[in-house]
Amino acid sequence: MNANSFILRVQGLAKTFRMFHLEATLHAFEDVSFDLSAGEFLLLRGHNGAGKSTLLRTIWRSYLPVAGQVLYQSRHGEIDLANAADVDIALLRREEIGFVTQFLNARPRVAAQDIVAEPLLLAGHERTAALEQARHWLDQFGVRRELWRAYPSTFSGGEQQKVNLARALILPQRLLLLDEPTASLDAGARAALVSRLAELKAQGVAMIGVFHHPGDVAQLIDREINLGTRVVAPAQHEEPQYVAV
Amino acid sequence: MSLATLTKPWAATSYGFLDASAKRELRRKMLKAVAVPGCQMPYASREVPMARGWGTGGLQVTLTLANPGSVIKVIDQGADDGVNAASIRRFVSSVSGAAQTWDTLDASIIQSRHRIPEEILRENQVLVLQVPDPEPLRDVESNISIARQMHADADYGKLWLTLYEQIVRKGRIMQGASYPALVNGRHVITPSPIPRWDVPKLHMSKHLTILSAGREKRIFAVPPFTRVEPLVFSDRPYLVEDHAGLTCQRSGLSGFFMNELPMDGGGSRFEVSDSNLGIKAIRRTEGEPDGIGDTWYRNGEYSA
Amino acid sequence: MSLETSSALQRAAPRLMADAPVLTMAGMSRAYGAVQALRAVDVSVYPGEVLGIVGESGSGKSTLLRMMNLEDTPDNGDYRLRLPARADRNLFELDRYERRMLRARHIGIVYQNPHLGLLMHHSSSGNVAERLLVAGERSFEVLRSKARVALDASEFPLARMDARPIELSGGMQQRVQLAKAIALEPSLLLLDEPTTGLDVSVQALVLDTLKRLQRERRITMVLVSHDLGVIRTMADRVMVMRHGAVVEQGLADQVFQDPQHPYTQQLVHAKL
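Residues numbered from 1 in each chain as written. Chains lettered and ligands numbered in written order. Predicted model: local features only at pLDDT ≥ 70, side-chain atom pairs only at ≥ 80, totals over all residues.

**Examining the arrangement of the chains**
Link 1 in the chain: In this assembly, 2 pairs of chains are in contact, and the pair contributing the most contacts is chains A and C.
Link 2 in the chain: At no point do chain A and chain B touch; the closest pair of C-alpha atoms across them sits 33 Å apart. (Contact = placed C-beta atoms within 7 Å.)

**Thoughts on unusual backbone geometry**
Link 1 in the chain: Phi is positive for Ser178 of chain B, which is not a glycine, with a value near 55 degrees.
Link 2 in the chain: In this structure, Ser178 of chain B sits in the loop between α6 (157-170) and β6 (181-183).
Link 3 in the chain: Phi at Leu70 of chain C takes a positive value of approximately 55 degrees, unusual for a residue other than glycine. (Helix = DSSP H or I, 4+ residues; strand = E, 2+ residues; numbered from the N terminus.)

**Brief notes about the sheet that holds strand β4 (residues 76-81) of chain C**
Residues and elements named next belong to chain C.
Link 1 in the chain: Spatial ordering of the open sheet is given by β2-β1-β4, a layout of 3 strands whose pairing is antiparallel. Only two strands of the sheet have a single neighbouring strand rather than two, namely β2 (35-45) and β4. When the angles between neighbouring strand axes are averaged without regard to direction, this sheet yields 20 degrees. (Pairing = 2+ DSSP bridges. Axes fitted to C-alpha atoms, helices over the stretch in contact; angles between N-to-C directions.)

**Details of the sheet that holds strand β3 (residues 50-54) of chain C**
Sheet strands line up and pair through hydrogen bonds in the backbone, either parallel or antiparallel.
Residues and elements named next belong to chain C.
Link 1 in the chain: Across the sheet, which stays open at both edges, the 6 strands sit in the order β5-β6-β7-β3-β8-β9 with mixed pairing between neighbours. Each edge of the open sheet is held by one strand with a lone partner, namely β5 (107-110) and β9 (245-251). The average undirected angle you get between the axes of adjacent strands in this sheet is 15 degrees.
Link 2 in the chain: Where β5 meets strand β6 (residues 188-192), 4 bridges bridge the pair, whose relative direction is parallel. Looking at β6, one finds that Ile107 is bridged to Leu188.
Link 3 in the chain: Contacts from helix α1 (residues 61-68) reach β3, β6, β7 (221-225) and β8 (237-242) within the one sheet, and its direction differs from that of β7 by about 150 degrees.
Link 4 in the chain: Packing against the sheet, helix α6 (residues 170-182) makes contact with β5 and β6, and its axis sits at approximately 175 degrees to β5.

**A word on the interface of chain C and chain A**
Link 1 in the chain: With 31 residues of chain C at the interface, the matching set in chain A holds 30 residues.
Link 2 in the chain: Per-class residue counts for the side of chain C that touches chain A are 14 nonpolar, 9 polar and 8 charged. (Nonpolar A, V, L, I, M, F, W, Y, C, P; charged D, E, K, R; others polar.)

**Regarding the nonpolar core**
A general feature of soluble globular proteins is that nonpolar side chains tend to end up buried together.
Link 1 in the chain: Core analysis: the biggest nonpolar cluster contains 207 residues, and Val116 of chain A, Ile210 of chain B together with Val222 of chain C have the highest contact counts within it.
Link 2 in the chain: Ignoring any residue separated from it by four or fewer positions in sequence, one finds Val116 of chain A in contact with Ala134, Trp137, Leu138, Val163, Ala166, Arg167 and Ile170 of chain A.
Link 3 in the chain: In this structure, Cys248, Leu253, Phe256 and Ala281 of chain B belong to the second largest nonpolar core, which totals 12 residues. (Core = buried A, V, L, I, M, F, W, Y, C linked by C-beta atoms within 7 Å. Buried ≥ 20, exposed ≤ 12 C-beta atoms within 10 Å, placed from the backbone.)

**Notes on the UniProt feature "domain: ABC transporter" (unreviewed entry) in chain C**
Link 1 in the chain: UniProt tags residues 23-268 of chain C as "domain: ABC transporter" (unreviewed entry).
Link 2 in the chain: The distance from the first to the last C-alpha atom of residues 23-268 of chain C is 27 Å, and the span holds 40% helix and 24% strand. (UniProt positions renumbered as here; feature names shortened; annotations may be inferred.)

**Observations regarding helix α7 (residues 200-217) of chain C**
Owing to its 3.6 residues per turn, the α-helix aligns residues three or four sequence positions apart on the same side.
All names here are of chain C.
Link 1 in the chain: Over its 18 residues, α7 extends 25 Å from the first C-alpha to the last, a length consistent with the 26 Å expected when each residue adds 1.5 Å.
Link 2 in the chain: Residues of α7 that are buried include every one of Gln203, Val206, Leu207, Thr209 and Leu210, and no others. What you see down the axis of α7 is that its buried residues fit within an arc of 150 degrees, all on one side. When the buried face of α7 is taken as reference, the exposed residues oriented beyond 90 degrees from it are Ser201 and Glu216.
Link 3 in the chain: Of the surrounding secondary structure, the elements contacted by the buried residues of α7 are α6 and α8 (228-234).
Link 4 in the chain: Positive backbone phi, at 50 degrees, marks Arg218, one or two positions downstream of α7. (Expected span 1.5 Å × (residues − 1). Arc of directions from axis to C-beta.)

**Some words on the interface of chain B and chain C**
Link 1 in the chain: Every contact between the two is made by 14 residues of chain B and, on the other side, 17 residues of chain C.
Link 2 in the chain: Here the residues of the side of chain B that touches chain C sort into 6 nonpolar, 2 polar and 6 charged.

**Re helix α1 (residues 52-60) of chain A**
Residue and element names in this part refer to chain A.
Link 1 in the chain: Counting buried positions along α1 gives 9 out of 9 residues, so the element sits mostly inside the fold.
Link 2 in the chain: Considered for burial, the residues of α1 that qualify are Lys52, Ser53, Thr54, Leu55, Leu56, Arg57, Thr58, Ile59 and Trp60.
Link 3 in the chain: Looking one or two places after α1, you find Arg61, whose phi comes out positive at around 75 degrees.

**Thoughts on the packing of helix α4 (residues 124-134) of chain C against helix α5 (residues 140-153) of chain C**
Residue and element names in this part refer to chain C.
Link 1 in the chain: At a minimum axis distance of 9 Å, the contact between α4 and α5 shows a crossing angle of 115 degrees. On the basis of the axis angle, α4 is roughly perpendicular to α5. In this structure, the crossing between α4 and α5 has a hand that is right-handed. In contact with Ser124, Ser125, Val128, Ala129, Leu132 and Leu133 of α4, α5 contributes Leu143, Lys146, Ala147, Ala150 and Leu151.
Link 2 in the chain: Across the contact of α4 with α5, the residue classes break down as 8 nonpolar, 2 polar and 1 charged. (Parallel < 35°, antiparallel > 145°, perpendicular 65-115°, else oblique. Left-handed = near helix turned anticlockwise from the far one by under 90°.)

**Description of the packing of helix α4 (residues 127-140) of chain A against helix α5 (residues 157-170) of chain A**
Residue and element names in this part refer to chain A.
Link 1 in the chain: Axis separation between α4 and α5 bottoms out at 9 Å; the angle between their running directions is 130 degrees. Considering their axes alone, α4 and α5 lie oblique with respect to each other. When the axes of α4 and α5 are compared, the crossing they make is right-handed. Facing α4, whose interface residues are Gln133, Ala134, Trp137 and Leu138, α5 presents Val163, Ala166 and Ile170.
Link 2 in the chain: Taken together, the residues of the contact of α4 with α5 break down into 6 nonpolar, 1 polar and no charged.

Below is the structure:
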């Protein structure tokens, strides 16, 4: 296959968690393989505990895989995310790969619009224009104008989630990992999210998503893969308990 | 073994009072001090027939330098006739055969406490300053071993900091006498407790200055034609005492450093601090030839 | 890494990162008597990055930081900083004077104990000004205004800029240390347990200031702490030390979410 026809090629990827204090090993998933092209939307399916979120985080490298390859076509060239150096992963997270969850990492005394504008500023955009865009997206996701200059650490969960989405989606990335971003989102914000995702997809952003209700994004889905059920872990443990989320 | 085999036979006091090895020690350390301008050299300070703190450091240097051809002047706060100054001058003269003078221009060695004469010193004159505390870092670093390392590293940040803080707290630099100065761009010295008025006289001067602290056993030097720059901020000029407009009540001189004599009723009288300069000026008013040489200050302005 | 670690894939050398590291240490070893404080530690810190070093007392993390500040010399090891207009050489070969000047101009440090970093009986602005004086600044007005800017950036109340640190609270003392550390825009900012011993609310404010400075100025930082919360708040990458050796390192979220070494797992457990 031509190296340029996919943006992400996952081959034989496996993840286990070793818990030394229990002298136990949890198998999250193994031998996962798929390709993803620019502008393609891939839905991860599977029951609770199949390792859907774990797979996203393994690609994002919050989790370290134990086997396999995650070949990614970055602007700087091809790199295997499974064993790339930490600084390279940090670079890609700044420039090319986004991870969207429902949780906001709010920081004290940073205004909502500054949190949203930050990815643009880090990418070298001019401050006034970045703030302009930030306010546009806060508006799109339905964050009320009077909150834009407030500190989101005091916002309700729903409002924080909207700020988070605006931030996560403001800068077009090349690859987006979506971990249930629609959960507990109100209808207006969900519509804004779907339309933003559609827009990004049209721009060629590749996406891998986990959704409780895939119907929310039905029109975006190009392909699905089903994570198998050969997981040894007890069903109630999707992740080992020491995992800090 | 008897006492006689262990001791030398009795002899009269060595020439210049100090024994040969004491003078050799002083000569070596003076040479070192001249070789590294501003760097404090430790030396074996001897007992002299005078209490520590009365100029024993200066006296040892003067005794070492003096020879029968020397002409000795000793001043205390500018005056030749103070008890201490007169005693030192007579003592040096009696043990070395050197001549005595009050006239700055005639002297070959000038030992001084707290002043530099107002008349410009020449290449063939040596100024010996008595130093009570040779360590400019004493106030900022009480541990003398660390202070010596700081000199080695040219680490004068804390010293500058005290000047910064004086301006912050008082609006100006309060340091009066012993104003720290950088010698040859390398070592900071305290120029002994001379007033700020006198510090510029050390800069690129023709004469050799040797500063000696007998109690603290440190000697340092400003060789001729060596830079001596008081520590000042570029935007806060170095100011000397505001004496330019004062007039000496006895000699009529003005534009020189004055002694202030408080009067009954709260007023003050002023007398020129360099007493021999005053005497020369009085002679002039009495119609005699004055013999006043060129002075560092003219009309109250430093101009040498 | 030891055999005890899990079977995660070995990481490759950096390939995409075009910048060279600001700080590189290689093979750092140091024994104090019978105690091996550092065992062949390698460190790289990239421009604008915050490296967190975590470990318990005696793990070697503070020794390593002291080496970074050229306060101590290792038995073995090579230390380089990429600095403007300076030859690339092992900094442990510099003499004491050169080390001091390099430290004054290019390295800022905030100690846990403000007595180590501050002249407690001089003014706060003077503490900042001293750093500038050592670097050769001789204009009173420039000293004054630069001290003011640095204190302001550290969110120190300017009305108290001439108060002596001894009169200030712990949090304010740390802000003076920070102002002094950043006054010359250092290439490297070292933080040695900067908020340990402060009240929790004060700690949050100081960390917040550090984060803001990092965000606005992209200062390269090395942060040593035994407090995982502090490391998690601040660090991009984390190095876990124990008995003088690095047992694990990785991206901060990875080390906290998927710790590979039994010791790290224990630490993360203890925190939760």
